[in-house]
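# What the coordinates show
Below, each chain spelled out in residue letters.
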Amino acid sequence: MKAFSLVSILFILLLLLGMSSCTAESVVNPCCYYPCDNGGVCVRFGTDRYECDCTRTGYYGQNCTIPEFWTKVRLFLKPNPNIVHYILTHFQFIWDMINNSFLRDTFMRLVLTVRTNLIPSPPTYNSKYGYLSWEAYYNHTYYTRMLPPVPEDCPLPMGTKGKRVLPDPKMLVERFFKRRKFRADPQGANLMFAFMAQHFTHQFFMTDYKLGPAFTRGLGHGVDAGNIYGETLERQLQLRLLKDGKMKYQLVNGEMYPPSVADVPVYMQYPEDFPTDQQLAIGNDVFGALPGLGMYATLWLREHNRVCDILKADHPTWDDEQLFQTARLIIIGEIIRIVIEEYVQQLSGYHLQLKYDPALLFKEQFQYSNRIALEFCILYHWHSLMPDSFLIDGDDVPYSQFFHNSSLIFHYGIEKMVDAFSRQPAGQIGGGKNFHPMILRVSEAATKHSRDLRLQPFNQYRKKFELKPYASFSEFTDDKEMAKGLEEAYGHIDALEFYPGLMLEKARPNAIFGESIVEMGAPFSLKGLMGNPISSPEYWKPSTFGGQKGFDIVNKATLKRLVCLNTKWCPYVAYHVPRTKEEARPRQPSTEL
């Protein structure tokens, strides 16, 4: 009897221990439910309690869902983003009048302040800490983050919704990303735009894969022209001529091109057996991969050395260092103006004529600093811009003959390459199913990296940027087959990942993107451009650029001037395919430049 009682007691104890263990395992971190809305911060207390910090969000209540009075007023007056986009992309006759009046500055200031106010400054999170820390602010080797990572102790990969295992990345890209038939961008973006997207962003998207996808090699976290001059001082000095402020170059048929690696032994990512005398030595080590990037590198090299000649003539007493540093500031100014007034203009589709005028923000509360966000880096994987092949001067060049083929730049010359890329349409980004099979691996890698970094679900980012979260996959995409497939893969719309969400979201009518890329990407872009030091009151004056002549180079910068002041003849050049016969006609360099 005693033995039976002892066994019974042991059994009950074991059962209780098992129950307590199960109970402990069943306790879910409440922050995994993302309970705090409208920018509220979830703070965990104990094992099962949380509080939402609603400070300065404009909301209050347990989950920061009750709007304060002035928030109610703002929400009442705030138009739907799609309505705003529609107004900005229609009624051209009204916008023509606005663009020629003082109202242009008013609207441009509004665009800048509304967009840039969505980006936190100073930065908030990084991939190591899911809470504010000095490390997240001070350690510039990390990309910053808009939202903290998904907590590690959540029961499911995306929090508490969806399936226990995320879909296979290879299956995702094959089924939802892979191109069936090339779909041109309805806004008319061309390959000149596509290569600019890659050339421009690779001065600040410089992931350090030796440390991991959370880390960046970029020191400036913004537009610093490191893609032209090198991201380190050591590389910069190797590329500089160290005379008259100029960069090293080689002459081919009397024309200036970047030097070869045989003459300037900087590291470039070419195939191992690629001859060094055919490798171009460029600021960014990946730019040898595509001749379109080499084309831009050549244009900016020529422009830098041209600017140095102008500065040298005005300042014969300046040494090499001052000429170089001042020319670099001018080049950075030219880049920002061209990007805002032509590149961003093209991708926005707006009839409002965008304007780079730093003085518009001088009376506003604005911080002249920037940190590149991980989400911005992930968002900018626009590889569906690439065509099926490259049409240059009557030749149809396949990928196999395009990758790592620097000889194309010398064979065709800059003029013919610019003309060809300006005429060939780029692909549409929104809607999915438009990525060339040759570059699917990039999308697969981006998906894997997003998981490694535990990015929060797509709908959480929609909320962060004040967009309404999608209620279903059928609302997310007009493609019924895709909606059904994504539901099978993820189980719930709130489990859809950030990167697939951006790439697969239905495009706006006759637009290159879906709503989310525009509404998330524009704040990052404008904050980085306007937060540049040269856009600040201390820098934005003639003396910074060597006097009025240098300041004028910045203020008159256009894509056409960049090309036509540095080529023998002036090809058709724009970020969109020709819209009229007159626009398409090549011109000789003229006084209009």
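See above for the structure.
Right, let's walk through the structure included here. Everything quoted here is computed from the prediction, not taken from an experiment. (Residues numbered from 1 in each chain as written. Predicted model: local features only at pLDDT ≥ 70, side-chain atom pairs only at ≥ 80, totals over all residues. Heavy atoms only, no water.)

We now examine unusual backbone geometry. Each neighbour pair has its own omega, and for Ser121 with Pro122 the value is 5°, a cis peptide bond. As for its placement among the helices and strands, Pro122 is situated in the loop between helix H5 (103-116) and helix H6 (134-138). We note that Arg56 has phi near 55°; this positive angle belongs to a residue other than glycine. Looking at where Arg56 falls in the secondary structure, it is placed in the loop between strand S2 (49-53) and strand S3 (59-60). Phi is positive for Asp393, which is not a glycine, with a value near 50°. Here Asp393 shows up in the loop between strand S7 (390-392) and strand S8 (395-397). (Helix = DSSP H or I, 4+ residues; strand = E, 2+ residues; numbered from the N terminus.)

What follows concerns a nonpolar patch on the surface. Taken together, the side chains of Ile83, Tyr86, Ile87, Phe91, Phe93, Ile94 and Met97 define a hydrophobic patch exposed on the protein surface, amounting to about 710 Å² of accessible area. Elements with a minimum of two residues in the nonpolar patch: helix H3 (81-88) and helix H4 (92-99). Examined against the element boundaries, Tyr86 turns out to sit in helix H3. (Patch = residues over 30% accessible without salt bridge, like charges linked within 9 Å, V, L, I, M, F, W, Y side chains within 5 Å. Areas by Shrake-Rupley, 256 points an atom, 1.4 Å probe, with all protein chains shown as cover. Salt bridge = Lys/Arg side-chain N within 4 Å of Asp/Glu carboxyl O.)

Strand residues, when the strand is regular, have side chains that alternate between the two faces of the sheet. Pairing between strand S1 (residues 41-45) and S2: 5 bridges, direction antiparallel. Paired with Arg44 across the bridge in S2 is Tyr50. Hairpin remark: S1 followed by S2, antiparallel, with 3 residues in the connecting loop; positive phi at Gly46, about 65°. (Pairing = 2+ DSSP bridges.)

So, on to the packing of aromatic side chains. Counted under the stated rule, the structure contains 42 aromatic pairs. With 6.2 Å between their ring centres and 55° between their planes, Phe200 and Tyr343 make a pair best called tilted. Of this pair, Phe200 sits in helix H8 (residues 191-201) while Tyr343 sits in helix H12 (residues 320-348), and the two are 143 residues apart along the sequence. No difference in accessibility class separates Phe200 from Tyr343, as the two residues are buried. Both rings, one in Phe390 and one in Tyr399, keep their centres 5.1 Å apart while their planes meet at 65°; by these two values the pair is edge-to-face. Note on accessibility: Phe390 and Tyr399 belong to one class, buried. Ring-pair connections join several aromatic residues into one group, and the members of that group are Phe193, Phe200, Phe204, Phe205, Tyr343, Phe376, Tyr380, Trp382, Phe465, Phe513, Phe524 and Tyr575. (Phe/Tyr/Trp six-rings, centres within 6.5 Å; stacked < 30°, edge-to-face > 60°. Buried < 20%, exposed > 50% of the residue type's maximum accessible area, 1.4 Å probe, protein only.)

The geometry of helix H7 (residues 169-177) relative to helix H19 (residues 480-490) is characterised by a closest axis approach of 11 Å and an angle of 170° between their N-to-C directions. With respect to H19, the element H7 is oriented roughly antiparallel. Only Met482, Gly485, Leu486, Glu488, Ala489 and Tyr490 of H19 make contact with H7, whose side of the interface consists of Met171, Leu172, Arg175 and Phe176. Within the contact of H7 with H19, the residues separate by chemical class into 7 nonpolar, 1 polar and 2 charged. (Axes fitted to C-alpha atoms, helices over the stretch in contact; angles between N-to-C directions. Parallel < 35°, antiparallel > 145°, perpendicular 65-115°, else oblique. Contact = heavy atoms within 4.5 Å. Nonpolar A, V, L, I, M, F, W, Y, C, P; charged D, E, K, R; others polar.)

Next up on the list: the state of the cysteines. A complete count under the given rule lists 5 disulfides for this structure. Through a disulfide, Cys32 is tied to Cys154; the S-S separation comes to 1.9 Å. Because the torsion about its S-S bond is -95°, the bridge between Cys32 and Cys154 counts as left-handed. Here Cys32, found in the loop between helix H1 (2-26) and S1, pairs with Cys154, found in the loop between H6 and H7; they are 122 residues apart in sequence, far enough to count as distant. Listing the disulfide partners of the protein chain by sequence rank of the bonded cysteines yields 1-4, 2-8, 3-5, 6-7, 9-10. (Disulfide = S-S within 2.5 Å.)

For soluble globular proteins, nonpolar side chains are generally found buried alongside one another. Formed by 154 residues in total, the largest nonpolar core has its most connected members in Met192, Phe195, Tyr296, Tyr343 and Trp382. Here the element with the most residues in this core is H12; it accounts for 14 residues. In this structure, Tyr296 is in contact with Met192, Phe195, Met196, His199, Leu559 and Tyr575, ignoring residues within four places of it in sequence. Formed by 6 residues, the second largest nonpolar core is a distinct cluster that contains Tyr50, Cys52, Cys54 and Tyr59. (Core = buried A, V, L, I, M, F, W, Y, C linked by side-chain atoms within 4.5 Å.)

When we look at burial in H7, the residues that qualify are Pro169, Leu172, Val173, Phe176 and Phe177. Down the axis of H7, the buried set is contained in an arc of 100°. They therefore lie on one face. Next to the buried residues of H7 lie helix H16 (440-452), H19 and helix H20 (498-504). (Arc of directions from axis to C-beta.)

The next point concerns the pattern of salt bridges. Counted by the stated rule, this structure contains 30 salt bridges. Across the pair Glu174 and Lys178 runs a salt bridge, and its minimum N-O distance is 3.6 Å. Judged by its relative accessible area of 29%, Lys178 is partly exposed. Ionic pairing is found between Lys549 and Asp314, a salt bridge with its closest N-O pair at 3.3 Å. Of this pair, Lys549 sits in helix H22 (residues 548-555) while Asp314 sits in helix H11 (residues 291-314), placing them 235 residues apart in sequence. The network of salt bridges with common partners includes Arg74, Lys78 and Glu466.

Within the secondary structure, Val577 sits in the loop between helix H23 (559-564) and helix H24 (581-584). Taking the C-alpha atoms as reference, Val577 lies 5.6 Å from Asn190; in sequence the two are 387 residues apart.

Moving on to the packing of H8 against H12. At a closest axis distance of 12 Å, the pairing of H8 and H12 adopts a crossing angle of 135°. Overall, the two elements H8 and H12 adopt an arrangement that is oblique. When you trace H8 past H12, the crossing you get is left-handed. Contact residues: H8 offers Phe193, Met196, Ala197 and Phe200, while H12 offers Ile335, Val339, Tyr343, Gln346 and Leu347. (Left-handed = near helix turned anticlockwise from the far one by under 90°.)

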